Amino acid sequence: MSVKIQRMLLVFVTLFLVTSRIQLCYGQDEEENEEDAPETPPGQDNCNGIFLSYNFNGREKEYPRLKNATAQAWAFKAVASILNAGTEELKAWRMFLGFHHKEILVSATGATMVDGSDFPAAVGNGTTFVGNPMVDLKTAVDTAGDFNQISVQIEITGTQFGVKPPEIPMPKNIKLMNDGWKCPGAKRKGGYMHVCCKKDPKFKAPKVKSTKFAPRRWGDLSITYDVLQAYSNNYMAQVTLDNTSPIGGFDHWNLTWEWQYGEFINDMRGAFTSKKDPAACLYGTAGKYYRDFDFSNVMNCEKRPYISDMPLDKANDTKFGKLPSCCRNGSLLPSVMDPSKARSMFQMTVYKLPPYDNRTALTPPMKWQIKGVLGSNYKCGAPLRVDPTEFPDASGLLSKTTAVATWQVVCNMTKPEKKKARCCVSFSAYYNESVIPCNTCACGCPDTDKCNPDAKPMLLPSESLLVPFENRTVKAKAWAKLKKFPIPKKLPCPDNCGVSINWHINSDYSSGWTARVTLFNWEEFPFEDWFAAVKMDKAYAGYENVYSFNGTKLTNVAKTIFFHGLKDMNYLVAETNGSDPKKDPRVPGKQQSVISFTKDKTPGINIQAGDGFPTRVYFNGEECALPKSFPMKDSAHKSPISFLLVLFVTIITFMMIR
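Residues numbered from 1 in each chain as written. Predicted model: local features only at pLDDT ≥ 70, side-chain atom pairs only at ≥ 80, totals over all residues. Heavy atoms only, no water.

Which entries qualify depends on this criterion: UniProt positions are given in the numbering used here, feature names are shortened, and annotations may be inferred rather than shown by experiment.
The chain is annotated in an unreviewed UniProt entry as COBRA C-terminal domain-containing protein of Dipteronia dyeriana. Heading Sequence similarities (unreviewed entry) of the UniProt record for the chain holds this comment: "Belongs to the COBRA family." Recorded under Subcellular location (unreviewed entry), the UniProt text for the chain is reproduced unchanged: "Cell membrane".

What follows is the structure in structure tokens.
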């Protein structure tokens, strides 16, 4: 081999070794960088989905200091986190924390509770968080791994009870509540727990139009917050309330929310606020920023305004009305009654404060709540950004205009808590002379000094249903003495309900049966466009007719019959004075109808065993409190079996004597 070739081989080998050395050094540097990087939480690197974690950061004993460990309060801190470690954007995330130590949350940064509850909030049965302000979680692929866009940390402070150190009060479980996701049981080690949730392969999502934002949701009440016009320091918003429940509704609705960044309402059409006081603006941040602004005509400056619908006479007022679906005095009816009255609408001009004083800085209010004089109890979720609402073009052309931005708030009916209903039901039947009245304190008991709030209600004669409770004492005692019922030393408290409903079994025969329903209004005001609904678990299929009301069998609510007043009979009048106010008690407003049922579609139904009584009753959307028992056959109405038994015993006795 020539010397020239040897030299060329030597240069080649040298270059190869140098190159290999450089690559080796590069690999060593990468390993060193990985060692210097902060450690990821256990389980996070192995998750290809949505990673949830909960880290307990400690606690301190609170006052009062008690020897009873189960009653001792502890202030605790924790951090809950949610990370999108998958390849699909998660819209409108919802994270459940299964608290179970009587926890009371005081604050939670980076999120809000799905039901819009104010702090402090009792969450001993668990709670669900939604993003605020970050509602959606993008993917690492779309953001180059930007943790600020793919994850949220919720810093929690609160109080818990009953867990002595060294035990750590952890939630039972954490999980993702979004549809189509599956979470196994969370893994726990000490004060840390985590879970990786993945797409459920068996879940079939309903076909919906592809949207840029979260898809619109379905609930009992849908509230839409549309921004119609946007300027540098203010915007025009339109709020639309749609009643989508077939049995829910409102009479005189009142709506409230909480502004996030010091906003205030300058003017409003189609609704008004209960308080008009410029002091909060003048002496607050708004007064410092808007120095030359005339606050004397501002509609409302409160952080939590209370808003009501305009009365009927303002519908054509050019300043306060002239809006579709406005000015109905707060009535929001089911569409089965009148679709045109299932929606309410109002508009307002909202002023903003720095640093949100630009056109694109638009944030909806949070913590929405709605109530009525009598109506369903609703829990409202957080507002979710949805695709802008489309409106017909005002010029009449076949085109559409869209809102600048749109949020949706979904509210759902909830069952009233014990002794917190606002209407009640009594039961009676032709085969029993006594009425089982409404439950004691069914609608609360503000005064219990002279009555027992925990006693069973005393049975009553039927005529006493027309007598106010304060005048029933004498009748109740006399009836108890006549029927030899026990009379408690401290009588039960009244039901204190503004509306009561009596369900009476009127007849029972081989081919059918009838009931009589009577509505009593004990309030000082009438109910316009009243409606009611009854759930009949065993008798629904046999419903035939109602004779003095409009009646409809609902198909989208299980085994429920809907009633409302006939034309010109849609008012349930208020309580009025008796014929002689000096001696006669006040008389409730009353409406009554007979309902007929057949038995051919309900074989085996036993009316006298309670099958003819409703299992749920609603009035104007409010679920009413039901008695805890049914009328039984009394001695005045002996059954044929008892008569045959007596006859049989008589014959046997006669034969034995012979």
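Focus: the state of the cysteines
A covalent bond bridging the sulfur atoms of two cysteines is what the word disulfide describes. Which entries qualify depends on this criterion: Cysteine sulfur atoms that come within 2.5 Å of each other are treated as a disulfide pair. A run of H or I in DSSP becomes a helix once it reaches four residues, and a run of E becomes a strand once it reaches two; helices and strands are each numbered from the N terminus.
Counted under the stated rule, the structure contains 10 disulfides. Two residues share a disulfide in this structure: Cys183 and Cys197, whose sulfurs sit 2.0 Å from each other. Taking the torsion about the S-S bond as the criterion, the Cys183 to Cys197 disulfide, at about 110 degrees, is right-handed. Taken together, the residues span a long stretch of sequence, with Cys183 in the loop between strand 10 (181–182) and strand 11 (187–189) and Cys197 in strand 12 (residues 192–199) at a distance of 14 residues. Paired by a disulfide, Cys380 and Cys411 hold their sulfur atoms 2.1 Å apart. A torsion of 105 degrees about the S-S bond marks the disulfide between Cys380 and Cys411 as right-handed. Of this pair, Cys380 sits in strand 21 (residues 377–380) while Cys411 sits in strand 25 (residues 405–414), and the two are 31 residues apart along the sequence.

What about the sheet that holds strand 33 (residues 543–546)?
Quick note on the threshold: Pairing between strands requires that DSSP locate at least two bridges from one strand to the other.
Strand order in the open sheet formed by 7 strands is 28-27-26-29-30-37-33, and the pairing between neighbours is mixed. In this open sheet, the two strands that pair with only one neighbour each are strand 28 (460–461) and strand 33. Pairing analysis gives 7 bridges linking strand 26 (residues 423–429) to strand 29 (residues 499–508), with the strands arranged parallel. The residue of strand 29 that forms the bridge with Ala429 is Ile505.

Structural notes on the nonpolar core
The tendency in soluble globular proteins is for nonpolar side chains to be buried side by side. Rule in force here: Joining through side-chain atoms within 4.5 Å is the link that ties buried Ala, Val, Leu, Ile, Met, Phe, Trp, Tyr and Cys residues into a set, and such a set is a nonpolar core. Relative accessibility under 20% of the residue-type maximum defines a buried residue, over 50% an exposed one, and the middle range a partly exposed one, all with a 1.4 Å probe and only protein chains included. Contact between two residues is taken to exist if any of their heavy atoms lie within 4.5 Å; hydrogens are not considered.
The biggest cluster of nonpolar side chains holds 35 residues, and the ones touching the most others in it are Trp503, Trp513, Met536 and Phe619. Elements represented by at least two residues in this core include exactly strand 26, strand 29, strand 30 (512–521), strand 32 (531–535), strand 33, strand 35 (560–565), strand 37 (589–598) and strand 38 (616–619). With residues near it in sequence (within four places) discarded, Trp513 still touches Ile505, Ser507, Asp508, Met536, Ala539, Ile595, Ser596, Phe597, Lys599, Ile605, Ile607 and Gly612. Grouped together as the second largest cluster of nonpolar side chains are 32 residues, Tyr235, Ala237, Phe250 and Val350 included.

Observations concerning the sheet that holds strand 15 (residues 254–258)
Stated precisely, the cut-off is as follows: What counts as an axis is a line fitted to C-alpha atoms, over the stretch in contact for a helix, and the angles between N-to-C directions run from 0 to 180 degrees.
If you trace the 4 strands from one edge of the open sheet to the other, you get 17-18-15-20, paired in antiparallel fashion. Here the strands that pair on one side only, and so sit at the sheet edges, are strand 17 (271–273) and strand 20 (366–371). Across this sheet, the average inter-strand angle for adjacent strands is 25 degrees, counted without regard to direction. As judged from the 4 bridges shared by strand 15 and strand 20, these two strands associate in the antiparallel manner. Pairing of Asn254 across the sheet is with Lys371, part of strand 20.

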